[in-house]
Amino acid sequence: MQKTEHLAPHREVAGAQDGEREAGGARRGAVAASSWPRHWPLLLLAAALLPGALLVAAGRWGDEPAVQAWRTVCLAVTVQALPFLLLGTALSGAINAFVPARVFQRLLPRRPALAVPVAGAAGVVLPGCECASVPVANSLIGRGVTPAAAFAFLLSAPAVNPIVLTATAVAFPGSPEMVLARLLASLVTAMVMGWLWLALGRTEWLKPAVRHTGHHAGHSRWSEFRRGFQHDFLHAGGFLVVGAMAAATFNVAVPRSVLETFSGSPWLSVLFLAALAILLAVCSEADAFVAASLTGFSPVARLTFMVVGPMVDVKLIALQAGTFGRAFAFRFSAATAVVAILSSALIGAVLL
């Protein structure tokens, strides 16, 4: 009897707790029901239909000729440059994993002023595009090469390699002076920019991407190659797409009549084709054919187009900004454009 009396209060407390839980659940259900919007069926219907409507509108807008041209140019620039970017990042990864640092110390003079022309001349024997030269230059700096020499190579390799010079000779048949002028103007620009970096460059402008450089004892060289290649390719590929989009926008937005306006003035034509090379971002292996098609412009202006393009264009500026930092990319690109225009004008005036 006493046991039953002792249990009774516990049953009452438990029953009260159960009642409170049921009441709390009812209140939560009421709050949940009241939290639904009044017109929730219409909102649900809109959420189902709106994405489809946007896709249909985008599809119809994408059929416009201007949009089709933009899409074609953007895809063409990306596809054209992608194999060379792939080659450059593979070469960068191979240098990082397989080439000892002492190799560069032996090949390049110890004095930076002498290493600049040697590195610039090395571009003659190493085929590559401007997209490929950026990760290679970054890898060289990581291996202890002086930045001035790496930048001289960065500028010369896409402009004076055998593939580019052969393409220039094919695009300008019977004009060996154009090939020679392109070779000399590009080499002069690369060397001058290397020496300018030695004289005026600052360490705080240069912010190389944080990455492992060189082989670590006990690690697989192939694994280091794979990691370096993956890092450089994914890092540079995004900036390549951004540059390709900018080039496509210019191609679509600027009418052809503007080209005819500037072709009549010798100096304006040089400046205009320099700006056109920067914005079009044509790969260096193909820019000679574009220059040859610009028959309304003077030979000096077309030479400027071929010298400036491989060294300064929108996708290259984007790649440099992503690899070395924006402070470096904008200063270096602006100075390179000025030096390239002056070199082209002076050498073109003598040889052409």
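Criteria and thresholds
Every chain is numbered on its own, with residues counted from 1 as its sequence reads. The model is predicted, so local features are restricted to residues of pLDDT at least 70 and side-chain atom pairs to those at 80 or more, both for listing and for counting; the totals for chains, interfaces and linings are taken over all residues. Hydrogens and waters are ignored; side-chain quantities use all the structure's heavy atoms. Strands are runs of DSSP state E lasting at least 2 residues, helices are runs of H or I lasting at least 4, and numbering of each runs from the N terminus. Think of it in three bands: with a 1.4 Å probe and only protein chains considered, a residue is buried below 20% of the maximum accessible area for its type, exposed above 50%, and partly exposed in between. In what follows, a contact means two residues having at least one pair of non-hydrogen atoms within 4.5 Å. Working definition of accessibility: Shrake-Rupley area with a 1.4 Å probe, residue cover restricted to the visible protein chains. When the centres of two rings from Phe, Tyr and Trp lie within 6.5 Å, Trp using its six-membered ring, the rings pair. Their planes under 30 degrees apart give stacked, over 60 give edge-to-face, and anything left gives tilted. What makes a salt bridge here is a side-chain nitrogen of Lys or Arg within 4 Å of a carboxyl oxygen of Asp or Glu, nothing more. As used in this structure description, the phrase polar contact means that two N or O atoms lie within 3.5 Å; if the pair is within protein, one of them must be able to donate a hydrogen and the other to accept it, and residues adjacent in sequence are counted only when both atoms belong to side chains. What we call a nonpolar core is a set of buried Ala, Val, Leu, Ile, Met, Phe, Trp, Tyr and Cys residues that are connected through their side-chain atoms within 4.5 Å. Confidence per residue, as judged by the predictor, is encoded in pLDDT with a range of 0 to 100. As used here, the arc is the angular range of directions from the helix axis to the C-beta atoms. Fitted lines through C-alpha atoms give the axes, limited to the stretch in contact for helices. The angle between two N-to-C directions lies from 0 to 180 degrees. Put simply, angles under 35 degrees are roughly parallel, angles over 145 are roughly antiparallel, angles from 65 to 115 are roughly perpendicular, and the rest are oblique. With the far helix as reference, a near helix turned anticlockwise by less than a right angle produces a left-handed crossing, and one turned clockwise produces a right-handed crossing. All residues other than Ala, Val, Leu, Ile, Met, Phe, Trp, Tyr, Cys, Pro, Asp, Glu, Lys and Arg, Gly among them, are scored as polar; the first ten of these are nonpolar and the last four charged.

Visitor: Explain the overall build of the chain here, please?
Guide: In terms of regular secondary structure, the chain is built from 16 helices and 0 strands. Buried residues in the chain amount to 42% of all 352 residues. When contacts within the chain are restricted to residue pairs at least 6 apart in sequence, those whose partners lie at least 24 apart make up 81%. Split by element, the accessible area of the chain, about 18,500 Å² in all, is 69% carbon and sulfur.

Visitor: Mind showing me how you'd approach the packing of aromatic side chains here?
Guide: Geometry of an aromatic ring pair is reported as the spacing of the ring centres plus the angle between the planes. If you walk through the whole model with that rule in mind, you get 9 aromatic pairs. The interplanar angle of 85 degrees and the centroid separation of 5.7 Å between the aromatic rings of Phe151 and Phe324 together place this pair among those described as edge-to-face. Within this pair, whereas Phe151 is found in helix α7 (residues 147–160), its partner Phe324 is found in helix α15 (residues 314–324), the two being separated by 173 residues in sequence. Each of the two residues, Phe151 as well as Phe324, counts as buried. Between Phe328 and Phe332 the ring centres are 4.8 Å apart and the planes differ by 20 degrees, which places this aromatic pair in the stacked class.

Visitor: When you look at the pattern of salt bridges in this model, what are you seeing that I'm missing?
Guide: Should their charged atoms come close, side chains of opposite charge can pair. All told, the structure shown has 1 salt bridge when counted by the stated rule. A salt bridge links Lys315 to Asp313, with the nearest nitrogen and oxygen atoms 3.3 Å apart. Lys315 gets classed as buried once you look at its relative accessible area, which sits at 0%. Among the residues examined, Asp313 registers a relative accessible area of 0% and is labelled buried.

Visitor: For this particular structure, what's the right way to read the side chain of Ser343?
Guide: By the secondary structure assignment, Ser343 is in helix α16 (residues 326–351). A relative accessible area of 7% places Ser343 in the buried class. A polar atom in the side chain of Ser343 sits 3.4 Å from the side chain of Thr189. Apart from the residues lying within four places of it in its own chain, the contact partners of Ser343 are Ala185, Val188, Thr189 and Gly348.

Visitor: Even after reading the chapter, I still don't get the nonpolar core, so can you show me in this structure?
Guide: Generally speaking, nonpolar side chains in soluble globular proteins are found buried as a group. In terms of nonpolar packing, the biggest core is built from 66 residues, with Phe151, Leu273, Phe305 and Phe324 touching the most fellow members. If you tally residues by element for this core, the top one is α7, at 11 residues. Leaving out residues up to four positions away in the same chain, Leu273 has contacts with Leu294, Phe297, Ala301, Arg302 and Phe305.

Visitor: How should I be thinking about α15 in this particular structure?
Guide: Burial within α15 is extensive, with 11 of its 11 residues counted as buried. Every buried residue of α15 is listed here: Val314, Lys315, Leu316, Ile317, Ala318, Leu319, Gln320, Ala321, Gly322, Thr323 and Phe324. Between the side-chain oxygen at the start of α15 and the backbone nitrogen of Lys315 there is a gap of 3.1 Å, and the oxygen is on Asp313. Once α15 ends, the next one or two residues include Gly325, with phi positive near 110 degrees.

Visitor: Help me understand the environment of Ala275 in this model?
Guide: In this fold, Ala275 is placed in helix α12 (residues 266–280). By relative accessible area, which is 35% here, Ala275 ends up partly exposed. For the pair Ala275 and Val308, spaced 33 residues apart in the sequence, the C-alpha separation amounts to 8.6 Å.

Visitor: In this structure, what is going on with the confidence of the model for the chain? I would like to understand it.
Guide: Any segment with low pLDDT has predicted coordinates that should not be analysed in fine detail. Of all residues in the chain, 66% have pLDDT values of 70 or greater, and the mean over the chain is 75. The secondary-structure element of the chain with the lowest mean pLDDT is helix α1 (residues 2–35), recorded at 49, while helix α9 (residues 176–200) shows the highest, at 94. In the model, residues 30–34 has pLDDT below 50 throughout and makes 0 contacts with residues more than four positions away in sequence or in other chains.

Visitor: I would appreciate a short explanation of helix α5 (residues 112–122) in the present structure.
Guide: Residues three or four positions apart in an α-helix share a direction because the helix packs 3.6 residues into each turn. Buried residues of α5: Ala115, Val116, Ala119 and Gly120, and no others. Seen along its axis, α5 keeps its buried residues to an arc of 135 degrees; they face one direction. Buried residues in α5 make contact with α7 and α9.

Visitor: Sorry, what's going on with the packing of α7 against α9 here?
Guide: The description of two helices packed together rests on the angle between their axes and the distance between the axes. Following both chains from N to C, one finds α7 and α9 inclined at 165 degrees, their axes separated by 8 Å at the closest point. Relative to α9, the element α7 lies roughly antiparallel. In terms of crossing hand, the pair formed by α7 and α9 is right-handed. In this structure, α7 contributes Pro147, Ala148, Phe151, Ala152, Leu155, Ser156, Ala159 and Val160 to the contact, and α9 contributes Arg182, Leu183, Ser186, Leu187, Thr189, Ala190, Met193, Gly194, Trp197 and Leu198.

Visitor: Would you mind showing me how to read the packing of α15 against α16 here?
Guide: Where α15 meets α16, the closest approach of the two axes is 7 Å, and the angle between their N-to-C directions is 140 degrees. Between α15 and α16 the crossing geometry is right-handed. Mapping the contact onto sequence places Ile317, Gln320, Ala321 and Phe324 in α15 and Arg326, Phe328, Ala329, Phe330, Phe332 and Ser333 in α16. By residue class, the composition of the contact of α15 with α16 is 7 nonpolar, 2 polar and 1 charged.

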